[in-house]
Amino acid sequence: DTDLITKTLLTQQISCVVHFAALAYVGESVTDPLRYYTNNTAGSLSLLNAINEANIQKLVFSSTCATYGEPATMPITESTPQVPINPYGWSKLMTERALIDYAAVNPDFAFTVLRYFNVAGSAADGSVGEDHHPETHIIPLIIQAALGRRDSITIFGEDYPTPDGTCIRDYIHVEDLCAAHILAMKNMNPGQTKFYNLGIGKGYSVKEVVDAVRRVAGKDFTVNIGPRRDGDPPELYANADLVAQELGFKPNHTDLDEIVRTAYNWLEANPDGYPKNPA
């Protein structure tokens, strides 16, 4: 609703937009690509049109490492070729392209693109956490198995060209991710366009995540091996030197067990997630 967004931006006197809204299930994007292009790409264009109408000159965009596809070398830098292998990655990359082209004819417009790797964990103080319906993120799914809330957990593929055969991903803690957005907002100058990877610069395999949950929970659970999922690259982890050099960003949570523990504490204390009908 471009008109409503424009009105909201104007009446609320917004000076900087942080754009998080997106569908983000890789497998679903493969089976229902039009939904992803409509929501992620066309929705972003609607927002950009509203930003243009409201004459807002700053935007921080939540992008993804999925824009890189299956890179030939690791770790992934910001200059790694972007060749997505699924519609989710393409839907985000198309938005990045639109921002570049819009900025080219609007010299005062500044944007920062933050390419997330796997966001994980919950607030360290237990105040907020993950509550997805359906849940598709690997760490909470495994924790649900450890807590007896599901019968088992399935690893999708163990024949990838990785040391233990399972996919490797870079897990960045959600609180570190939030801190990076604040730094991005505080470091925007007119006409400046920036692209940063947000990760910890280290990859963990699915089996390593399973073992971390076992250690944190002190419990065992059933692990099944299933077929590969369409659109899953074998290995994705970041070189995040640029955001450290230019914004001074350094993640505080880099130990896998620590990241898992924050998620475990939230899920153990909140078996039903957030109250569905808060008073």
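## As for the nonpolar core
Consideration 1: Among the nonpolar cores identified, the biggest contains 30 residues, and Ile139, Ile142, Ile143, Val209, Val213, Phe221 and Val260 are the most heavily contacted of them.
Consideration 2: Those elements that provide at least two residues to this core are helix 5 (138-146), strand 5 (152-156), helix 7 (206-217) and helix 9 (256-269).
Consideration 3: If near-sequence neighbours (up to four positions away) are discounted, Val213 is found in contact with Ile142, Ile143, Ala146, Gly218, Phe221 and Val260.
Consideration 4: Counting 17 residues, the second-largest nonpolar core is a separate cluster that includes Leu48, Ala54, Leu99 and Ala103.

## What to know about a nonpolar patch on the surface
Consideration 1: Where nonpolar side chains cluster on the molecular surface, the patch consists of Val83, Trp90 and Met94 and spans about 270 Å² of accessible area.
Consideration 2: Of note, Val83 is situated in the loop between strand 2 (58-64) and helix 4 (87-104).

## Re the sheet that holds strand 1 (residues 17-19)
Consideration 1: Pairing is parallel across the open sheet formed by 4 strands, whose spatial order is 1-2-3-8. The strands lining the two open edges of the sheet, one partner per strand, are strand 1 and strand 8 (193-198). Here the strands of the sheet are splayed against their neighbours by 15 degrees on average, with no regard to which way each runs.
Consideration 2: Here strand 3 (residues 110-116) pairs with strand 8 via 6 bridges, running parallel. By the bridge assignment, Tyr116 is partnered in strand 8 with Leu198.
Consideration 3: Here helix 4 sits on the sheet and contacts strand 2, strand 3 and strand 8; the angle it forms with strand 2, its principal contact strand, is near 155 degrees.

## Some thoughts on the packing of aromatic side chains
Consideration 1: Per the stated rule, a full pass over the model turns up 5 aromatic pairs.
Consideration 2: Between Phe111 and Phe195, the ring centres sit 5.6 Å apart and the planes meet at 85 degrees, which makes this aromatic pair edge-to-face. Separated by 84 residues along the polypeptide, Phe111 in strand 3 and Phe195 in strand 8 bring together distant segments of the chain. Each member of the pair, Phe111 as well as Phe195, carries the same accessibility label: buried.
Consideration 3: These aromatic residues form a ring-pair network of at least three members: Tyr102, Phe109, Phe111 and Phe195.
Consideration 4: Positioned above the aromatic ring of Phe221, the side-chain terminus of Arg214 is 5.1 Å from the ring centre.
Consideration 5: Stacked on the ring of Tyr160, the Lys or Arg Arg228 has its end atom at 4.0 Å from the ring centre.

The rules behind the values
Residues numbered from 1 in each chain as written. Predicted model: local features only at pLDDT ≥ 70, side-chain atom pairs only at ≥ 80, totals over all residues. Heavy atoms only, no water. Core = buried A, V, L, I, M, F, W, Y, C linked by side-chain atoms within 4.5 Å. Buried < 20%, exposed > 50% of the residue type's maximum accessible area, 1.4 Å probe, protein only. Helix = DSSP H or I, 4+ residues; strand = E, 2+ residues; numbered from the N terminus. Contact = heavy atoms within 4.5 Å. Patch = residues over 30% accessible without salt bridge, like charges linked within 9 Å, V, L, I, M, F, W, Y side chains within 5 Å. Areas by Shrake-Rupley, 256 points an atom, 1.4 Å probe, with all protein chains shown as cover. Salt bridge = Lys/Arg side-chain N within 4 Å of Asp/Glu carboxyl O. Pairing = 2+ DSSP bridges. Axes fitted to C-alpha atoms, helices over the stretch in contact; angles between N-to-C directions. Phe/Tyr/Trp six-rings, centres within 6.5 Å; stacked < 30°, edge-to-face > 60°. Lys NZ or Arg CZ within 6 Å of the ring centre and 35° of its normal.

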